[in-house]
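# Chain and residue survey
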Amino acid sequence: MTALSKLPFDEKLIYINGSWAESSATQTCNVENPDTGDVIAVVPECTAEDLDRAVQAAYTAFHDGPWVNEFSGAQRRDAMLALADAIEKSRSEIELIESVNTGKPITDVRGELDDTIDLFRHFAGYADKVEGRHIAAQNNSNLEGYTVKVPVGVVGFINAFNYPICLLAWKVAPALAAGCTVVFKPGPQTPLTTQYFAHLLDSTNKFPPGVFNVVLGGATVGQALVDHDLIDKIGFTGSVATGKHVIRSTASTRNVRSTSVELGGKSPGVVMPDVDLDKTAKLVVSGCMSNAGMNCNALTRLWVHRSIYDDFMPRLKAAAESLNLGTPQQDGTEMGPLIDRRQYERVLEYIRIGKEEDKASVLTGGEPALGRGYWIQPTLFYNVDPTARIATEEIFGPVLSVLQPFDSLDEVIEIERKNEFGLAAGIFSRNHQDIAKFTRKLRCGTIWVNNYNTLYSYLPFGGFRNSGFGRELGYESFDGYLVPKAIIDDISF
């Protein structure tokens, strides 16, 4: 199946307080299929009034509803397991919607659905394991001190467009497991699987009204979410510029609130001379071109040792040119289009800059592809000056900068220490001393060794510097939705 005949929900409605309701919006947003540029749905551009209804519902559900005040951790666990089962039962529909709305190859979407289901089951296991500590008083035997961990409260999420259902799971699963309530805003380009997720959550009859709410739209409703006084925590995934704005906004509201931001990256990879060149070339291309390069941790700055540089370039070129571009819903397609015209034009502009800046040469690609939609060829630049714009700025597209050859790993580490980002990195080597040096000295949240883009629900993900702060995935993510309370009890009273 390669087309959406009919969505299994009414995309013109929003999910608030356990029911589907009309938005107060007068404006709408077209949702496109980036493979063709065709409009596949029209959704409301929610208003501040819609947002307030959603936040009020989440606030009431948190403070007065059973989710926090009556449900045990085991009951929250069982609700999340039922939701995971509902997602699994409907996965073929979700996969088609996600693939058509994002342009992702269907094989990639299947893997992301595996991860999504696993995430809800994984974090469900934490829901009944919230633990505190007992601290004995040092100078008074009549005092008992202990901690309890409580959910942070109402969480507002602003999601990115590039991994709609998977990033939803990253955020929502640990928050629900901790006992929080949620107001969720998907990326305006890719709202459809979020709406279907709300439909599936509602169908379980396990979640009280107001626990999960959805608003749709862009910057206006996103700003209203960040500014709302009843929000206790903001979780954001997106660009550095917008992330900094979110941080400033949350600091200037009446009530200071916790913030977690996962932002951009310009992730370096290093190819040492002792590796299998053909295998490494394929790993590098996959690490950059996955999701058409619209990946915050994409490998986009590549260092290749001088002794293998000339031998590695034709292998890298062949790996990039072998990628199969085609209808995303067909098995065998390996790379899809950019998400929309704005991103398409942004990437083409960076390619133009790379060609004209006189700091790089094109190895392959650099042109539109397929003659429809928002397709661009996998593009490789080589002999790139490390200070070139294409080598230092996040492009968010299928563009790899192979930097000028290096002689010493120490010089790479010294340069990358000054990288304004710190989300991810990779090294391809069989020398464990080099691997240890690189992983120890580089300040990045995730470092891959002889693989790339592999993520697990039990390992934390996040960055340093302009790549943001806070962690998603792993126990660290779950713990981020809990706040400790200290209790001191005079037992002699």
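Residues numbered from 1 in each chain as written. Predicted model: local features only at pLDDT ≥ 70, side-chain atom pairs only at ≥ 80, totals over all residues. Heavy atoms only, no water.

### Focus on the pairing of strand E3 (residues 28–33)
Burial along E3 is one-sided: the residues Cys 29, Val 31 and Asn 33 are buried and none of Thr 28, Asn 30 and Glu 32 is. As judged from the 6 bridges shared by E3 and strand E4 (residues 38–44), these two strands associate in the antiparallel manner. From the neighbouring strand, Val 31 faces E4, where its bridge partner is Ala 41. (Buried < 20%, exposed > 50% of the residue type's maximum accessible area, 1.4 Å probe, protein only. Helix = DSSP H or I, 4+ residues; strand = E, 2+ residues; numbered from the N terminus. Pairing = 2+ DSSP bridges.)

### Considerations on helix H6 (residues 164–178)
With 15 residues, H6 ought to run about 21 Å at 1.5 Å a step, and its terminal C-alpha atoms sit 22 Å apart, in line with that. By the largest-angle criterion, Val 172 marks the main kink of H6, which is about 25 degrees, and a proline, Pro 174, follows within four residues. With respect to burial, H6 is a largely interior element, 15 of its 15 residues being buried. Positioned one or two residues after H6, Gly 179 has a phi angle of 100 degrees, which is positive. (Expected span 1.5 Å × (residues − 1). Bend = angle between axes of the 7 residues up to and from the residue.)

### Describing helix H9 (residues 240–252)
Taking 1.5 Å as the rise per residue, H9 with 13 residues should run 18 Å; its terminal C-alpha atoms sit 18 Å apart, in good agreement. Restricting attention to buried positions, one finds in H9 the residues Val 240, Gly 243, Val 246, Ser 249 and Thr 250. In the core, the buried residues of H9 are packed alongside helix H8 (219–227), strand E10 (233–237), strand E11 (258–262) and strand E17 (421–422). (Contact = heavy atoms within 4.5 Å.)

### A look at the sheet that holds strand E19 (residues 446–449)
Taken in spatial order, the 7 strands line up as E14-E15-E16-E13-E12-E18-E19 in an open sheet, and their pairing is mixed. Here the strands that pair on one side only, and so sit at the sheet edges, are strand E14 (361–364) and E19. Strand-to-strand twist across the sheet, computed as the mean angle between neighbouring axes with direction ignored, equals 25 degrees. Strands strand E12 (267–271), strand E13 (299–304), E14, strand E15 (379–384) and strand E16 (399–403) of the sheet are contacted by helix H11 (residues 309–321), whose axis makes an angle of about 165 degrees with E15. Packed onto the sheet, helix H14 (residues 409–416) meets E12 and E13 and runs at close to 150 degrees relative to E13. (Axes fitted to C-alpha atoms, helices over the stretch in contact; angles between N-to-C directions.)

### Quick word on the packing of aromatic side chains
Within the structure shown, the criterion is met by 19 aromatic pairs. For the pair Trp 303 and Phe 406, a centre-to-centre distance of 6.5 Å together with 80 degrees between the ring planes defines the contact as edge-to-face. Of this pair, Trp 303 sits in strand E13 while Phe 406 is found in the loop between E16 and H14, placing the two residues 103 residues apart along the sequence. Taken as a pair, Trp 303 and Phe 406 share a single burial class, namely buried. For the pair Tyr 344 and Tyr 374, a centre-to-centre distance of 6.1 Å together with 55 degrees between the ring planes defines the contact as tilted. Of this pair, Tyr 344 sits in helix H12 (residues 341–356) while Tyr 374 sits in the loop between E14 and E15, and the two are 30 residues apart along the sequence. As far as the burial class goes, Tyr 344 and Tyr 374 line up, both buried. Among the aromatic residues, those joined into a cluster by ring pairs are Phe 120, Phe 157, Phe 184, Phe 197, Phe 212 and Tyr 481. Taking NZ or CZ as reference, Lys 104 lies 3.7 Å from the ring centre of Tyr 163, over its face. The ring of Tyr 481 carries Lys 233 above its face, with NZ or CZ at 4.9 Å from the centroid. (Phe/Tyr/Trp six-rings, centres within 6.5 Å; stacked < 30°, edge-to-face > 60°. Lys NZ or Arg CZ within 6 Å of the ring centre and 35° of its normal.)

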